Structures are given as structure tokens and as C-alpha cells.
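Single-letter residue listing:
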Amino acid sequence: MIFSTSKTNQDHVKTAFAVAISTMLIFVQCGKKTGKDEVERQVIQIKGSDTMVNLAQAWAEAYALVDTAVDVEVSGGGSGVGIAALSKGTIDMASASRNMKKEEIESAERNTGKKPEEFIVGFDALAVYVHKDNPLDMISIDQLDMIFSEKGDITRWSQLGISLPGGENDEIVRVSRQSSSGTYEFFREHVLMNKDFKLGSRDMNGSKEVVELVGSTRSAIGYSGMGYANDQVKMLKVELKIGEPGIAPTVANTQNKSYPLARSLQVYTLGTPEGAIKKYLDWILSAQGQAIVEESGYVPLD
Amino acid sequence: MNIPDSTHPACQRRHQRSPFAIGGEKALEWLIRLSGISAILFVLAIFFFIFREALPVLFSERFSLSQFLFSAEWYPTSSVNVRYGTLALTLGTCAVTALAMVIAVPFGLGGAIYISEFSSPRAREALKITIELLAAIPSVVWGFIGLTMMSKLIVTYTGAPVGVNLLNGGIILALMSVPIIVSIGEDALKAVPDSFREAGIAMGATKWQLVYRVLLPAAKNGLLAAVLLGVGRAVGETMAVLMATGHAVQIPHGILDSVRTLTANVAAELGEAPVGSDHYRVLFLTGVLLFAITFTVNITADFVIRGFKKK
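Residue positions are given per chain, counted from 1 along the sequence in the order it is written. Here chains are named by letter from A upward and ligands by number from 1 upward, in the order in which they appear as written. Where local features are concerned, this predicted model is filtered to residues with pLDDT of at least 70; where side-chain atom pairs are given and counted, the filter is 80 or more; whole-chain, interface and lining totals use all residues. Think of the side-chain values as coming from all heavy atoms in the structure, minus any hydrogens and water.

Student: Help me understand the overall build of chain B in this model?
Tutor: Numbering of helices and strands runs from the N terminus, with a helix taken as a DSSP run of H or I at least four residues long and a strand as a DSSP run of E at least two residues long. A count of helices and strands for chain B gives 13 helices and two strands. Taken over the C-alpha trace, chain B has a radius of gyration of 26 Å; the compact-globule value for 311 residues is 19 Å, which it surpasses by more than 25%. On the principal axes, the C-alpha backbone points of chain B span a range of 85 × 65 × 35 Å. Type-normalised accessible area, obtained with a 1.4 Å probe on protein chains alone, sets the label of each residue: buried when under 20%, exposed when over 50%, and partly exposed for intermediate values. Looking at chain B residue by residue over its 311 residues, the buried ones come to 42%. We compute the radius of gyration from the C-alpha atoms alone; for a globule the expected value is 2.2 Å times N to the 0.38, where N is the number of residues.

Student: So what exactly am I meant to see when it comes to the environment of A:S181 here?
Tutor: All names here are of chain A. Relative to the helices and strands, S181 resides in the loop between β6 (173–177) and α6 (182–190). According to the relative accessible area criterion, S181 is buried, its value standing at 1%. Separated by 83 residues in the primary sequence, S181 and R98 have C-alpha atoms spaced 8.8 Å apart. Residue contacts for S181: discarding those within four places in its chain leaves G78 and S79. By definition in these notes, contact holds between two residues if any of their heavy atoms fall within 4.5 Å.

Student: Which parts of the structure should I look at to understand the nonpolar core?
Tutor: For soluble globular proteins, nonpolar side chains are generally found buried alongside one another. The set of buried Ala, Val, Leu, Ile, Met, Phe, Trp, Tyr and Cys residues whose side-chain atoms join them within 4.5 Å is what this entry labels a nonpolar core. Grouped together as the largest cluster of nonpolar side chains are 68 residues, with contacts concentrated most on A:W59, A:F148, A:W157, A:F187, A:I221 and A:Y280. An automatic or database domain assignment supplies the residue ranges for each domain. Counting contributing residues per domain, this core is built from domain 1 (42–122 + 264–295) and domain 2 (124–255) of chain A, each supplying no fewer than three. Here A:Y280 is in contact with A:I44, A:A56, A:W59, A:A60, A:Y63, A:V72 and A:M93, once residues within four sequence places are set aside. Counting residues in each nonpolar core, the second largest holds 58 residues, with B:W74, B:V96, B:V249 and B:L285 among its members.

Student: Looking at this structure, how should I read helix α4 (residues 87–118) of chain B?
Tutor: Along an α-helix, a turn takes 3.6 residues, which lines up residues three or four apart on a common side. For α4(B), built from 32 residues, the straight-helix expectation of 46 Å at 1.5 Å per residue is met to within 8% by its first-to-last C-alpha distance of 44 Å. Bend is the name given here to the angle between axes fitted to two runs of seven residues, the run ending at a residue and the run starting at it. At B:A104, α4(B) shows its strongest bend, of approximately 35°, with the proline B:P106 following within four residues. Helix span is expected to be 1.5 Å times the residue number reduced by one.

Student: What's the story with the confidence of the model for chain A in this structure? I'm lost.
Tutor: Parts of the prediction with low pLDDT should not have their coordinates interpreted in detail. All names here are of chain A. On a scale of 0 to 100, pLDDT captures the predictor's confidence in every residue. Here chain A averages 85 in pLDDT, and 86% of its residues register 70 or above. Within chain A, strand β9 (residues 233–235) carries the highest mean pLDDT (95), whereas helix α1 (residues 9–35) carries the lowest (49). Counting contacts from residues 1–9, a segment whose pLDDT is below 50, to residues more than four positions away or on other chains yields ten contacts. Low pLDDT, under 50, characterises residues 27–38; the stretch is placed with zero contacts to residues that sit more than four places away or in other chains.

Student: I tried to follow the pattern of salt bridges on my own but got confused; where do I start?
Tutor: Once their charged atoms are close, side chains differing in charge can pair, the charge on each being opposite to the other. Residues and elements named next belong to chain A. The salt bridge criterion pairs a side-chain nitrogen of Lys or Arg with a carboxyl oxygen of Asp or Glu, the two atoms within 4 Å. Considering all chains together, one arrives at 27 salt bridges over all chains under this definition. The shortest N-O distance in the salt bridge between K208 and E212 comes to 3.3 Å. With K208 and E212 both in helix α7 (residues 207–216) and four residues apart, this pair spans about one turn of that helix.

Student: I'm lost on the domain arrangement of chain B in this one. Help?
Tutor: Quite often, the size of an interface is put as the accessible area lost when its parts meet. Residue and element names in this part refer to chain B. Taken domain by domain, chain B comprises domain 1 (9–75) and domain 2 (86–310). Each partner contributes to the interface: domain 1 provides 21 residues, whereas domain 2 provides 22 residues. Put simply, buried area is the surface a 1.4 Å probe can reach on two separate parts but cannot reach once they are joined, added for both. Both faces combined, the contact of domain 1 with domain 2 buries some 1,800 Å², and carbon together with sulfur accounts for 74% of it. Counting every contact that joins domain 1 to domain 2 gives two salt bridges. The definition of a polar contact used here is a pair of N or O atoms within 3.5 Å, where within protein one atom must be able to donate a hydrogen and the other to accept one, and adjacent residues in sequence count solely through side-chain atom pairs. Counting the contacts that link domain 1 with domain 2 gives eight residue pairs in polar contact (both at pLDDT 80 or more). Looking at the side of domain 1 that touches domain 2, the elements that each hand over two or more residues are α2 (19–58) and α3 (65–70). The greatest single-element share of the side of domain 1 that touches domain 2, amounting to eleven residues, is contributed by α2. Three residue categories are used. Nonpolar comprises Ala, Val, Leu, Ile, Met, Phe, Trp, Tyr, Cys and Pro, charged comprises Asp, Glu, Lys and Arg, and polar comprises the others, including Gly. Tallied by class, residues from the side of domain 1 that touches domain 2 come to 15 nonpolar, three polar and three charged.

Student: Could you clarify how one ought to interpret α6(A) in this entry?
Tutor: Residues and elements named next belong to chain A. Burial runs high along α6: seven of the nine residues are buried. Taken together, the buried positions of α6 are occupied by G182, T183, Y184, E185, F186, F187 and R188. Check the buried side of α6 and you find it contacts α3 (79–88), β4 (116–131), α5 (141–148), β6, β8 (220–225) and β11 (262–270). The backbone nitrogen of T183 lies 3.1 Å from a side-chain oxygen of the residue at the head of α6, namely S181.

Student: Whenever I open this one, unusual backbone geometry confuses me. Can you help?
Tutor: When glycine is set aside, most residues are seen to have a negative phi, and most peptide bonds are trans. Although it is not a glycine, A:M193 sits at a positive phi angle of roughly 50°. With respect to the secondary-structure elements, A:M193 resides in the loop between α6 and β7 (202–204).

Student: Would you take a moment to explain the pairing of β6(A) for this structure?
Tutor: Side-chain positions along a regular strand alternate between the two faces of the sheet. Residue and element names in this part refer to chain A. For β6, the tally of buried residues reaches five of five residues, placing the bulk of the element in the interior. What you see with β6 is no split at all: V173, V175 and R177 on one side and R174 and S176 on the other are buried throughout. As paired elements, β6 and β8 share three bridges and run parallel to each other. Bridging across to β8, V175 finds its partner in G222. If DSSP finds at least two bridges between two strands, the strands pair. The pairing of β6 with β7 spans three bridges and is classified as parallel. When the bridges of β7 are listed, R177 appears paired with M204. For the handedness criterion, the strands are oriented away from the viewer, and a crossover whose path from the first strand over the helix to the second runs clockwise is classed as right-handed. In terms of handedness, the path from β6 via α6 over to β7 forms a crossover that is right-handed.

Student: What am I meant to see in the packing of aromatic side chains here?
Tutor: The description of an aromatic ring pair rests on the distance of the ring centres and on the angle between the ring planes. Note on aromatic contacts: the rings of Phe and Tyr and the six-membered ring of Trp form a pair at centre separations within 6.5 Å, being stacked when their planes are under 30 degrees apart, edge-to-face when over 60 apart, and tilted otherwise. Under the definition given, this model contains 18 aromatic pairs over all chains. With centroids separated by 4.7 Å and ring planes inclined at 20°, the aromatic side chains of A:Y184 and A:F197 adopt a geometry described as stacked. With A:Y184 in helix α6 and A:F197 in the loop between α6 and β7, this residue pair connects regions lying 13 residues apart in the sequence. Between B:F47 and B:F291, the ring centres sit 5.1 Å apart and the planes meet at 40°, which makes this aromatic pair tilted.

The structure is reproduced here in C-alpha cells:
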């Protein structure tokens, strides 16, 4: 009120009126906007695993024909991102290629008052990819550990007894995932035995990007879900120890649990699912939903 | 509505204007005043917010500031030994920015000199419109170009194993900074009074001598400001570098190494970090670090511009 000293009292009154009226108008406008509720279609939001994003999308598309009153919205970002969003209660379901950790379950309970519930919806073999021209066929968990872990000392293909065609790039280009990825955590837990990754790996933001980069880089090695294989890459057989038979990441080997890097894919909900969410989950676990798991390149429940 | 009594002496003085017009004018005056102040309020509020989110970690036992600034080991989610070292990320940001400026400054200043001094009026208009268009391309589109086209070209022509690297990010950032450098540089050159040019020509200077000996020294502050704003753009850019640099935490040893920048790191990791965790707070601290860097650049640019206006 200091900007004009020549004002009379009546000017103040006028100003106050103008302000009051415009404020009222703004409120009326806001009221109009929020008052118009749209209760046409129910939306289920599912977010999380990049490994499962294609699968979740395929489910959503097929389900649109099954139940026309429900829209399923799918987004990725990584298992960690989905779980974080579920703990805040901003989504209905989180897809994850790893299990929820104890502290994540606690934080979800603290924030939303509901206990997250886990549903296994399929299986995946975490495949180790190299370029299709790479002569390597088989790799052991120990070798993977030495390539990817912080203290591991394999940095060149020649250390694995391999010379790449062309031979100019002997250095191994490691392709990894960003730290919010469930695949990243699974690999760290089961291959690196919880040790840290060697810095300097290319950390991709999606399962598909890993396979694409490996497919365009002869000297690369990377890991990703089996559903993302294409004809530019080769999936290596994995042996637990050098000398043991190598096991290919196939549907059969995943189902009989002989593939060392097999894992379950899960969906989390807050509390016991009800209504549309329950219906959707039941459908995912039905023969129709499981057929889509297989079509997407993953392994259905037995 | 309470219409004021027109016999009141205060109203009689200017009865020709309706009370609504006067009231409206006052309201508008306040609104504009508020808009002006809001810029300051927003800056302060943003600074307060990121600092408040970051602050608790500074006093945490698991965190050391010297590690944060001088260690290259970035292991925010390690299950055995969590380390928050941003040196590799800071150097990544510096390296990408420096490379971008090495490419962008000659092109940017060259473009500014050409548009302001050499081109015909018609070409000037066409160029200015095109350059403004270049500035309007969204950064995610630049990132896309880097990820798909540029990376293939780099692999083909340099033999690098991976095309998403420092060189790729540097070229993309340079392309994004050039329009800023050109438009501000051109303004700076235009601000040199024509009497300078006339004097130069009268002394028998060639066009090149005129630019080199007269215009560049006269406009040097403005040109420096143009470059610094370009730097600010490059330091703060996120999406394009996230896509084009390969996202690898390492201190770069050559321009074909992949790097990760501070901004890209925050963008990639903030979504997963549980709110209130150390990781979350360290990412905000990274925000403070970035804020400090861009703030310094912008303030420097501002002082330089002010110096240039006085002349």
C-alpha cells in the first residue's frame, strides 16, 4: 500500500472492491472446473518394470476388448520407480522384476496404511546378450562377475580367449541398467553376489535399449529380459561354474528352474485387490492372460 | 455495487472517469507489480526448497562433503558400501560443456558477424528466422538425433566402439547453444554505433579489418555475455545429454568415452530414490551444486552485459 501516496480513502475502497470481485470470479471459475466430475470409465494405472512394460502393454490392449469399462494405463521407468509410486499410493499396481524389499513394504504401509500384496504373473530368464558376430557361446557366472563387478579384472575379450571378427576393439563394452531397474538389482544379487558394479558401464534406461546397443556394438556384452531378443544379438548359454554344462535361456529351462538366472515377474497391489483391479488380476492369471505372457517372449505360470 | 457519491470532493476532481476504470487500473497495477516481484520470489523459493531437501544429509554421519565433491565413485544404491562421489559427473558436465563451446563459439560468433555485417538485408531476415527456429527445437528431439543418427555417424567415421559418447553430446549441445550465441552476439554487434563503422571505412579499412580491429573490440562484452549464456544453456541441459552421452559414470580420458552429467544423473535417479532417503537428499545436493554452477555463469553473464550497456 505504499506505492501511491496521493490516494484518497475512497480509492482504497474501490481497489478493494475490484480485488474482491475478481477473487470471487476466480473462485467461481475454479469451482466449475473441479465440480465437473467424470465418472465414465475406470482407469487402472500400472507402472514399473521395464522388462515387463511390453508385456503389461500387451495385457492392457487385450483387456480393452474384454472389459470395455476399464482403461489400463501402462508406464515404465524401472521396478524401483513403480514400487516407489505404489508406496506413495499414486498408482494402482506396480510391476516388478524383483521382489519388494522389507523397507519398501514398510514405507508403503506407513504412507498408505495398506500392506502391499504380491502376485507372481510369469517368469523370465535374465539373458546375457552379445553381438551376433561374437564367437562366444557360453559364459560362466564367475566370468560375468569378473567382467561386471568393481574388483573384477576381465576388461578385454582376449582374456576370455576370444578374438572378435575385425579384431580392432578388444575392450569389452559393458552395457548395464540404471539403478532403479529390477533387472539391475537381480543381476547384482545373483551374479555379483551383492558386490558393486564396475563404474564406466553404459547404463541404459530400458531393457530394449540394452539389446539395441549390444546389437549395434560388436564388442559389447549386456543383460536384459529374454523377451527382448532380436536377430542382431545372441543369447549366451550360462554355466554355474566353468566346466559345467551351459544352459540356454529357453522357456523349458526356465520352467524346470535349471537356467541359473531365472526369476519371477510380479505385480504388487495395495492391500487385497477389489473390484476392477481384482477382475483384471484374475484375468492376467487366467489362460488368456498367460497366453499373452508367452506371446511376449516370457514364460507363463505352469 | 457501492457506487461512490459523485458529490464527494475527491470524485469531483476527476468525474470524467468511471470508478470501475480507476479500480481496474489499480488492480492491474498491482498484478503487474506482483508479476515483477514473483520472479524474485520464485528464485528464492526454489533455492529454499532444494536446499531444505538437501540440508539434512550434510549433517549425516554416512555422508562426507569431501567425498561428494572429490570422489569419482558414485554408488548410491550399493548394498555393501554406499558412496556418493560426484567428481566423475561434474567432470562429465564440464567436459561436455567445454567440447560444446569449442564447437559452438566459432560457429556462433561467425554466424553473428556474418548476419550483422556481411549479409544482405533479405538474407539477414531469412537467417534470423531460421536460427530462431533452430532454438525452438525441443531438447528431446536433439537427444533423439544424437541417439539415432549422430551415434551411427560417429561409429562409422571414428571407429569408436559406441556412438553415444562425449563427442556426440558435445556436438548436440553445440547445436543447441549456437542459436543463443548468434542472436545475442548479433545484438551486441548491432549495438556498436554506426559512427565506428563509418570511421573505420573512412580510414580505408577493409571489411575484415573493420570487423577484426573495430567491431570485435567494441562489442567484446556483449559477445562474451553471448558465450556465457551459451555455457549456461549447455550446463543446464538434461534430456539431450541423457540420451546422447551414453550415461556411464567415469572420468573421461578422450572424446570417444561415454560420460554422465550431473543433470542427467538427477533426471535418471530421482524417480526411484525414496523420498527423504540419503540418496534423495544427495540428488538434491547435486541440484544445489548445479544451481551454484549455473548461477555463477548467469551472474557473470549479467555483470558483463551490464558493463556492456554502460558503454
